[in-house]
Amino acid sequence: MEKLKKFFGEVKSEARKTTWPNREELLASTGVVLFILGVSAVYLFLVDLFFSGTLGALLQRF
């Protein structure tokens, strides 16, 4: 029980050291995440389109 008390005490202590981003940092980080998400979505769409077209062409031949 004492170890559990110590653990939660340390968690509380570490939580106090947490610094949260301000509004500008949060918006900039969100923009970066959305940009990377968009680029990844387009890339995966193109790869899927390529492979589905290739597989479709192969299946029609055989």
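We now turn to the structure provided with this report. Model, not experiment: these values are computed from the prediction.

Below, the discussion takes up the pattern of salt bridges. For the coordinates displayed, the defined rule picks out one salt bridge. Among the salt bridges present, the one from Lys17 reaches Glu14, with a minimum N-O distance of 3.2 Å. The class of Glu14 is partly exposed, set by a relative accessible area of 47%.

Turning next to helix H2 (residues 23–61). With 39 residues, H2 extends 57 Å from end C-alpha to end C-alpha; this agrees with the ideal 57 Å at 1.5 Å per step. A distance of 3.2 Å separates the backbone nitrogen of Glu24 from a side-chain oxygen at the start of H2, and that oxygen is part of Asn22.

What counts and how
Residues numbered from 1 in each chain as written. Predicted model: local features only at pLDDT ≥ 70, side-chain atom pairs only at ≥ 80, totals over all residues. Heavy atoms only, no water. Salt bridge = Lys/Arg side-chain N within 4 Å of Asp/Glu carboxyl O. Buried < 20%, exposed > 50% of the residue type's maximum accessible area, 1.4 Å probe, protein only. Helix = DSSP H or I, 4+ residues; strand = E, 2+ residues; numbered from the N terminus. Expected span 1.5 Å × (residues − 1). Polar contact = N/O pair within 3.5 Å; in protein donor to acceptor, adjacent residues only side chain to side chain.

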